[in-house]
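# A closer look at the structure
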Amino acid sequence: MKIKQIQNNPFQENTYIVWDEASMEAAIVDCGALFPQEEEKIEAFVSDNNLKVKYILNTHLHLDHVFGNPFLFQEYGIRPQGGQQDEFWLEQAYA
């Protein structure tokens, strides 16, 4: 397993891209991308490394950890997942 850390937004939140080297399947964790250049950096890393994004995961739903969820949903068509205690926020975000 490999991990890439990317710092995003004015809060300097850490977004992680985690992937399996054999299958190249990846998860993006806590996407805090707020600005287009941050979104582009994530998309370029995924593309340059031929990753297949399979999961969008949120450890919790503080705003600095979810800024990039709409971008990821639009880019990869994958609904973000979060902990059960925050599930209602995810449902509202994409209703």
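These notes cover the structure that comes with them. (Residues numbered from 1 in each chain as written. Predicted model: local features only at pLDDT ≥ 70, side-chain atom pairs only at ≥ 80, totals over all residues. Heavy atoms only, no water.)

## Brief notes about helix 3 (residues 69-76)
If you check which residues of helix 3 are buried, you get N69, F71 and L72. The buried residues of helix 3 occupy an angular sector of 160 degrees when the element is viewed end-on, so they sit on one face. Immediately downstream of helix 3, the backbone of G77 shows phi near 70 degrees, a positive value. (Buried < 20%, exposed > 50% of the residue type's maximum accessible area, 1.4 Å probe, protein only. Helix = DSSP H or I, 4+ residues; strand = E, 2+ residues; numbered from the N terminus. Arc of directions from axis to C-beta.)

## Quick look at helix 1 (residues 36-48)
Note: α-helices contain 3.6 residues per turn, so residues at a spacing of three or four share the same orientation. Taking 1.5 Å of rise per residue, 13 residues should cover 18 Å, and helix 1 covers 18 Å from first to last C-alpha, within 8% of that figure. Residues of helix 1 that are buried include every one of E38, I42, F45 and V46, and no others. Summarising the axial view, the buried residues of helix 1 lie within an arc of 100 degrees, below the 170-degree limit, and thus occupy one face. Those residues of helix 1 that are exposed and angled more than 90 degrees off the buried face are Q37, E40 and D48. Residues of helix 1 that are buried make contact with strand 1 (2-8), strand 2 (13-19), strand 3 (25-29), strand 4 (52-57) and helix 3. (Expected span 1.5 Å × (residues − 1). Contact = heavy atoms within 4.5 Å.)

## Comments concerning the pairing of strand 3
Counting buried residues along strand 3, 4 of its 5 residues qualify, which places the element largely inside the surrounding structure. The hairpin turn running from strand 2 into strand 3, its antiparallel successor, is 5 residues long, and M24 in that turn takes a positive phi close to 65 degrees. Sheet topology note: the strand 3/strand 4 ladder contains 5 bridges and is parallel. Paired with I28 across the bridge in strand 4 is I56. Note that the unit made of strand 3, helix 1 and strand 4 has a crossover that is right-handed. (Pairing = 2+ DSSP bridges. Right-handed = clockwise from strand over helix to strand, strands pointing away.)

## Remarks on the sheet that holds strand 2
The 4 strands lie next to each other as 1-2-3-4, forming an open sheet whose pairing is mixed. Since the sheet does not close on itself, it has two edges, and those belong to strand 1 and strand 4, each with one partner. Across the sheet, the axes of successive neighbouring strands diverge by a mean angle of 20 degrees, strand direction being ignored. (Axes fitted to C-alpha atoms, helices over the stretch in contact; angles between N-to-C directions.)

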